[in-house]
Each structure stands twice: as structure tokens, then as C-alpha cells.
Amino acid sequence: MDVVSLGTVVGWIVSPMIEGMIGKAQSYVSGQYKWSSEMMVDLIKLEDILTQILLVVGVAERRKIVDLKQAKLLRRIKTVVYEAEDVMDEFDYILLKEKAEKQKTLSHLASSSLSFGKRLVGLDEFRPKLKNVIDKLNRVKASAEVFLHVMGTENDTSAIQRTQISKMRVTNSDSHEEKIIGRVVEEEKLIKMLLEPGIEPGQNNMYLPQVISVVGDGGMGKTTLIQAVYNNEQIKGNFDLRIWVCVSENFEKSKLAKEILVAVIENKNINVRNYSYDSVQIELKKLLDLKKLLLVLDDVWYDENIGKELYRDMWKELFAIFKNKKRGSKILVTTRMKIVSELLGSTEFPLSGLKPVDGWSLLSKYAFGGEKPDDHPKLQAIGKKIVEKLGGSALAIKVIGGQLNAKFGFEEWNRILKKDLSKPSDIMTILRLSYEHLPEHLQRCFAYCSLFPKDWNLDSEKIVDMWIAHGFVHLEESDDISLENIGKDYFHELLSRSFLQQLK
């Protein structure tokens, strides 16, 4: 059966929008305006239909996958909801214009006894548009009820209940720790390799950088290990220049060279788009002359479509840019693929899973926070079994630990243990499990982040502003803080649960 992610169908875009429109409809019904009976009926009907559609969207957001027919229905819902929002925006404009005109009129009157009170606003010409969108929403709602019946969730009303912000203990990122749990030996060994003199000089006493590839399955902690090494004081003192670039699946020699040039210049606003590859080479050679360089290339993949020979030659040509008369430059690569290490002609540094004792230490750190694991012997026994099922995957352990953070109930831990974690190499299974247990407000914020390309560097302040603009950040009645601070709390919760990763 063809499947599609529900997050790409409706998800975060629609729910806040529908909730906002419901709030508007409620304010129109109970506010200061006195409507005709027909208009009042339409507004109440709009509120009712939107509430029922929100139920469907709420259920849909918590589904893993749907077939393409169900996806088509959800897209229809999204289209009509957008149309309804446009109509209500027009409605808002008409009301604001009416209010401004009345205030202007009153400002010229001397009597202070005049009051706005409840007013009758003449919107007869607008009503047909409202009725039209209500009719469309009604038809979509009828199809949505079929969707709920098919999915067997007619009585699932929990999806529209707002989840309270979890008051979890935010743990520190591994990026800021002096030692990474379970990777002390690997860290020391890798630092020693980077401090070694490197390759002997070639022709004209020119030195090529030594390439070291950290190879391991996804979630083993390659990037976290490299972060610790990259920020080590010995490493900082040993190299004249350190550069970090994420490569990912789509390797383009010219694009990567331009990213490195921007990093060397340390000017993110420089426009290198129109630079030719030759121009980039010349500029980099000039800037890197007589400098000992540490270049990190994170998350490198092999492209089958390129072929081994061409792939090897492309990297060889790129690495030649960094050849100079200063010995000791290093290129540090992370990859899931052994073939990448071979084709790059690199020294392989294999990274396997965490040992059970280290895995338990990592899970304890994220799950217990400030609590002592010894105070919860039953949870210790279950936790160690969970670690065994996760196969030493550092990311999986952190994600599950974040999910269990500050939850000390036996049932919750046992439920996680009974989940199908038999394929720890498939990290998406673990991440999906944890995503489904996020509060709705965090699901929407995280789903919004998926709009950005893989390995995109997210600016926390900018992303929070975007969340606020889209209506994902909400003030509760008891909140005495700003939307910006609440948004920052959302961001740090996602960070502490390992859905986002802090770099450098």
C-alpha cells in the first residue's frame, strides 16, 4: 500500500489556524456586535463545523501514515480551511474599518454619554461568501466523519484537548560537557591522531592534509564525539584554523568549496553564488597558505549515481585545494558508509555502539535528571533492558531518556520496554515513537522545522519568532511571561529531548 507521512499532509499548518478561527467565531458570537438572526446562525454553524474538523486534524497529526486516498482527503481539508481563513480575514477587515469610521465620527461629538454598545453592522453583501465557505466546510466535514470511522477513532476527542507544557528538567547538551559518556577512550585516541605531524611532504615540499573518517551507524554519536574533539583546548591550540561544514547526501564539489570559503572568510553574508570553481580554488589557496587547517566534513554519503571512480576523483580534486607548505593539516570526516572512507583514501576510525554500562549511564542522565537512580530499583532493572534493546545507539538512548524524563511510574517505563525496538539500527522507529509522545505544541514546532533542509543551522531566536507568527506559541491564563520566553522554553524542550542538536 502506498503511504505518506501525515505531517506533510496537514499537521502543524492547519491546527493552529483552525483554533484561531474558532476563537474568532466565538468572539463574534459573544462580542459587542449585534447580528441579524441569519448571520448569528451562520457564525455559530462556522464555529461548530471548525471544531469538528479540528477533531479530524488532531487525530491525523498523531497518525504514523495514511494511504494516498486518505491523504487526498486531508489535503482537501487544508485547502478549504485556507479559503475559510481568507474569508475571515476579509471579515476582520470590514469590522475594523467599521469600528474606525465610528470612532472618527464620535471624536467630533461633544457628548460623553455615547457608547459603542452592541452595534448592528451591515454586512449583507459579505454573507454569501461566508455561506459559500460554510457549505464547502460542511462537505469536507462529511468526508472527514467517514475518515474518522475508517480509522476507528470516532470517540477520540483527546486530540483537541490542549496538552499542558511538561515541566521536565532540562539536561545539559553533551556539546558542553568535558567528557562524553562512554566515549573517553575514543575521544583521547582521536585527539592523539589529530595532533600527530601527518603526511610526509610531496613534490615541492607541499603537504596534503591527512584524512580521517569516523565510520559508524546512524545514532552512534559520531557528530557528538567530533564536537567534543573539535572544541578540545589542545586541538584549538594546535590548528591555525578550524572549519565545520555539513555535507549530507547531496555532495556537490563546487557548492562545498563555496561553503568552505564562506567559513574561512567568516562572513556569512558574502555572495559567492556567482564564483566559478576555479575562482573559489584560487581564493582558498591564497587564504589557507601556510596555515595548519582542521576541516570537519560532517555526514558524508556515497552517491551510487556518480560511480566510484568519479566520486574518488571529485574528492581528490577538492582535497588538493588544501595542499600547502604547512605540515599537520587534517580533514575529519563522519560517515555511515565504509565505502566513503575507502574512496577518500582515509584512515578509518570505526565507532561502534555504547557498552551496556555506558548506555545505562546515558539513559540515567536523561531520564532521572537530578534524581538518584538507586532510589528507583525497579526502574533501573527495566531501564537496563531498554538499553540492551537499543543496541548501543547513543541517539536512541538520549531520545528515550528524554521521553522518560521525570516520569517515575513503573507502567510508563514498562510500556516503553514492550515497544517494538527490535531494530535499533532504524533510528526512525525510535524517533517516531518519541515524536508521538510529544505534547501537541511541541509536535507542531518540530514539524515546522522539517521545512528547512537537512543539517540547516537554526537560529533559536528566529525560529521562535516564526513559531509565534504561525500561532504555535500560546499564553496560558496563569502565564506571566512573554510569548518569546515561552517559545524559548519550547525550543529548549526539543533540544533536551534530542530532537534538535546544538552544534559547536
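Residues numbered from 1 in each chain as written. Predicted model: local features only at pLDDT ≥ 70, side-chain atom pairs only at ≥ 80, totals over all residues. Heavy atoms only, no water.

## Re unusual backbone geometry
Move 1: We note that Leu290 has phi near 60°; this positive angle belongs to a residue other than glycine.
Move 2: Within the fold, Leu290 resides in the loop between α9 (277-288) and β5 (293-300). (Helix = DSSP H or I, 4+ residues; strand = E, 2+ residues; numbered from the N terminus.)

## Considering the pairing of strand β6 (residues 330-335)
Move 1: Summarising burial for β6: six of the six residues are buried, a large majority.
Move 2: Burial along β6 is two-sided: the residues Lys330, Leu332 and Thr334 and Ile331, Val333 and Thr335 are all buried.
Move 3: In the sheet, strand β3 (residues 210-215) pairs with β6 via six bridges, with the strands oriented parallel. Paired with Val214 across the two strands is Thr334, which belongs to β6. (Buried < 20%, exposed > 50% of the residue type's maximum accessible area, 1.4 Å probe, protein only. Pairing = 2+ DSSP bridges.)

## Some points on a negative patch on the surface
Move 1: On the surface, Asp459, Glu461, Asp465 and Glu484 cluster together to form a negatively charged patch.
Move 2: By the secondary structure assignment, Asp459 is in the loop between α17 (440-449) and α18 (460-469). (Patch = residues over 30% accessible without salt bridge, like charges linked within 9 Å, V, L, I, M, F, W, Y side chains within 5 Å. Areas by Shrake-Rupley, 256 points an atom, 1.4 Å probe, with all protein chains shown as cover. Salt bridge = Lys/Arg side-chain N within 4 Å of Asp/Glu carboxyl O. Lys, Arg positive; Asp, Glu negative; His and termini not counted. Charge placed at Lys NZ, Arg CZ, Asp CG, Glu CD.)

## So, the pairing of β5
Move 1: Of all eight residues that make up β5, eight are buried, and the element is covered over most of its length.
Move 2: Taken together, the seven bridges between strand β4 (residues 241-248) and β5 define a ladder with parallel strand orientation. Each residue of the ladder has a partner; that of Trp244, found in β5, is Val296.
Move 3: One crossover worth recording links β5 to the parallel β6 by way of helix α10 (residues 308-320), and it is right-handed. (Right-handed = clockwise from strand over helix to strand, strands pointing away.)

## Remarks on the pattern of salt bridges
Move 1: This structure, assessed with the given rule, holds ten salt bridges.
Move 2: With a shortest N-O distance of 3.5 Å, Lys236 and Glu233 are connected by a salt bridge. Linking Lys236 with Glu233, this pair stays in helix α7 (residues 233-238), spanning three residues, or about one helical turn.
Move 3: Residue classification places Glu233 among the exposed positions, given a relative accessible area of 59%.
Move 4: The closest approach of N and O atoms between Lys338 and Glu348, which form a salt bridge, is 2.9 Å. A residue pair is termed long-range when its members are at least 10 positions apart, and Lys338 in helix α11 (residues 338-343) and Glu348 in strand β7 (residues 347-350) qualify at ten residues.
Move 5: The partly exposed category is assigned to Lys338, whose relative accessible area is 46%.
Move 6: Residue classification places Glu348 among the partly exposed positions, given a relative accessible area of 30%.

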